[in-house]
Amino acid sequence: QVTLVESGGGLVQAGDSLRLSCKASGRTYAISVMGWFRQAPGQEREFVTAISTIDDRIYDGEFGGGRFAISRDNAENMLYLQMTNLRVGDTAKYYCAATTYYAETYSDEQLFDNWGQGTQVTVSS
């Protein structure tokens, strides 16, 4: 199994930056892709971005408009999400996820079989 623990969420003001972290442990050798999803109350979970653990290929979602940058330290099994120019609409619980599957895209949450508990990001105006 893979255990994922997110951190870095909090309350920020619009225009601020924030970096989320995710530490993976356990059966990390089987992970092909790690990514970030977010979910606001009453909304569907949406894909933000993902990155390959093999070659660092990035799979970007339709949200963010360049304000979200994913990266990872494969040696340390650490995943990051750098968020800049945050907006009120970015308010959501952000989840770290990992999958052992290979696909053309990774926007489908059903592809991911490992999830963290999420970290809350709240952006105030």
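Our structure's up above, just so we're on the same page.
Residues numbered from 1 in each chain as written. Predicted model: local features only at pLDDT ≥ 70, side-chain atom pairs only at ≥ 80, totals over all residues. Heavy atoms only, no water.

Asker: Residues and numbers for the pairing of strand β1 (residues 2-7), please.
Answerer: Only one face of β1 is covered, namely the face carrying V2, L4 and E6; the face carrying T3, V5 and S7 is uncovered. Across six bridges, β1 lies against strand β3 (residues 18-26) in antiparallel orientation. From the neighbouring strand, V2 faces β3, where its bridge partner is G26. (Buried < 20%, exposed > 50% of the residue type's maximum accessible area, 1.4 Å probe, protein only. Helix = DSSP H or I, 4+ residues; strand = E, 2+ residues; numbered from the N terminus. Pairing = 2+ DSSP bridges.)

Asker: With reference to specific residues and values, describe the side chain of N77.
Answerer: Here N77 is to be found in the loop between β7 (68-73) and β8 (78-83). Here T28 takes part through its side chain, which lies 3.3 Å from a polar atom of the side chain of N77. At a separation of 3.3 Å, a polar atom in the side chain of N77 contacts the side chain of R72. If sequence neighbours within four positions are ignored, N77 has contacts with C22, K23, A24, T28 and R72. (Polar contact = N/O pair within 3.5 Å; in protein donor to acceptor, adjacent residues only side chain to side chain. Contact = heavy atoms within 4.5 Å.)

Asker: Can you explain the side chain of S32? Please cite residues and give values.
Answerer: Relative to the elements of secondary structure, S32 occurs in the loop between β3 and β4 (33-39). A distance of 2.6 Å separates a polar side-chain atom of S32 from the backbone oxygen of Y101. Discounting chain neighbours no more than four positions away, the residues touching S32 are I51, S52, T53, I54, T99, T100, Y101 and Y102.

Asker: If you had to explain the environment of Y29 to someone new, which residues and values would you point to?
Answerer: With respect to the helices and strands, Y29 occurs in the loop between β3 and β4. Note on Y29: relative accessible area 67%, which makes it exposed. C-alpha separation for the pair Y29 and G66, spaced 37 residues apart in sequence, amounts to 30 Å. In this structure the side chain of Y29 is engaged in a polar contact, spanning 3.2 Å, whose partner is the side chain of R27.

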